[in-house]
Amino acid sequence: MGAATLARASDLLLLGAAAAYGEHDAGVYRSKAAPPRPIDPAVLDRMRSPPETAPVREGCDAGGILNVPEASRSYSSVWRNDSVGTGHARSALDSEQAWSSLHGSHGQWMLMDLGAAVLVHGVVTQGRADAYQWVTSYRLELYLDRPPARLTAWSRVPGNVDHNTRVHGVLRHPRLARYVLVRPLTWMGHMSMRAAVLTCADAAATAAAREDPWQRREALIRGHPITQLN
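My aim in this report is to walk through the structure given alongside it, one point at a time. (Residues numbered from 1 in each chain as written. Predicted model: local features only at pLDDT ≥ 70, side-chain atom pairs only at ≥ 80, totals over all residues. Heavy atoms only, no water.)

1. Concerning the pattern of salt bridges
Point 1. Under the defined criterion, the tally for this structure stands at six salt bridges.
Point 2. A salt bridge links Arg128 to Asp130; the shortest N-O distance between them is 2.5 Å.
Point 3. By relative accessible area, Asp130 is classed as partly exposed at 24%.
Point 4. Between Arg183 and Glu141 there is a salt bridge; the shortest N-O distance is 2.8 Å. Within this pair, whereas Arg183 is found in strand β7 (residues 167-188), its partner Glu141 is found in strand β5 (residues 134-143), the two being separated by 42 residues in sequence.
Point 5. Each of the salt bridges in this network shares a partner with another, and the network as a whole consists of Arg139, Glu141 and Arg183. (Salt bridge = Lys/Arg side-chain N within 4 Å of Asp/Glu carboxyl O. Buried < 20%, exposed > 50% of the residue type's maximum accessible area, 1.4 Å probe, protein only. Helix = DSSP H or I, 4+ residues; strand = E, 2+ residues; numbered from the N terminus.)

Written out as structure tokens, the structure is:
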């Protein structure tokens, strides 16, 4: 069979897959392999992981998971341009779906506004609840002021290995931040994720960090314009 015949056969298979799986899946999976079907809800319920306790790191007397409200999240793009808190723009931990980017390319991001500067020591992530889509690695960026302000710290973090298990991306040292930005680097199926922020629940430690000029101005110290945490 010649190369032209093989190419035509592959194109016909792709068109068949698009018709079978609908507009969303046809747009998400731009490969010549048929996309996986959405997960059956009954199977999904059996696969859900139980709640986990956030890990405690040095400098955090108590660990907490801050599941930022949907209204305090923003995105570089959203599949079908869904409004925040609806459809493909529901990225809270354990939400019914996930954030799914409109574009399957680097440069996409999810931003969480914590409302005030707190000590952050990582994030906890999941993939998309109702499909086999997840982020396998990402760049975590912390800011005191809304991006594109000067970075406080950043780290490249391993992500998920399935669509639903919680994975903690824990930093070596907590840093003071109000804005937590997640930039997906690699992904499975499509760029889809749910996330929450790991914080230090100790009010005294957070207050001390707010008064610490090294914590607040770390990004401006000569020779240390950006601190890599891991």
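Continuing now.
2. A closer look at the packing of aromatic side chains
Point 1. Following the criterion strictly, the structure yields one aromatic pair and no others.
Point 2. Residue placement shows Arg139 over the ring face of Trp154; its charged tip is 4.3 Å from the ring centre. (Phe/Tyr/Trp six-rings, centres within 6.5 Å; stacked < 30°, edge-to-face > 60°. Lys NZ or Arg CZ within 6 Å of the ring centre and 35° of its normal.)

3. Side note on the environment of Ser137
Point 1. In this fold, Ser137 is placed in strand β5.
Point 2. Counting along the chain gives 21 residues from Ser137 to Pro158, while the straight-line C-alpha distance between them is 4.5 Å.
Point 3. Other than its neighbours up to four places away in sequence, Ser137 contacts Arg156, Val157, Pro158, Gly159, Pro184, Leu185 and Thr186.
Point 4. A polar contact is formed between the side chain of Ser137 and the side chain of Thr186, at a distance of 2.6 Å. (Contact = heavy atoms within 4.5 Å. Polar contact = N/O pair within 3.5 Å; in protein donor to acceptor, adjacent residues only side chain to side chain.)

4. Things to note about unusual backbone geometry
Point 1. Note that the residue after Pro147, namely Pro148, is joined by a cis bond; omega there is 15°.
Point 2. Residue position: Pro148 is located in the loop between β5 and β6 (153-158).
Point 3. In this model, Arg80 sits at a positive phi of 65°, which is unusual for a non-glycine residue.
Point 4. By relative accessible area, Arg80 is classed as partly exposed at 46%.
Point 5. Not every positive phi belongs to a glycine, and Asn81 is a case in point at roughly 60°.

5. Section: the side chain of Arg73
Point 1. In this fold, Arg73 is placed in strand β2 (residues 73-75).
Point 2. The buried charged residue Arg73 lacks any salt bridge partner; its closest oppositely charged side chain belongs to Glu70, at an N-O distance of 4.3 Å.
Point 3. There is a polar contact of 3.3 Å between the side chain of Arg73 and the side chain of Asn67.
Point 4. Within the structure, the side chain of Arg73 is placed 2.9 Å from the side chain of Ser91, a separation counted as a polar contact. (Lys, Arg positive; Asp, Glu negative; His and termini not counted.)

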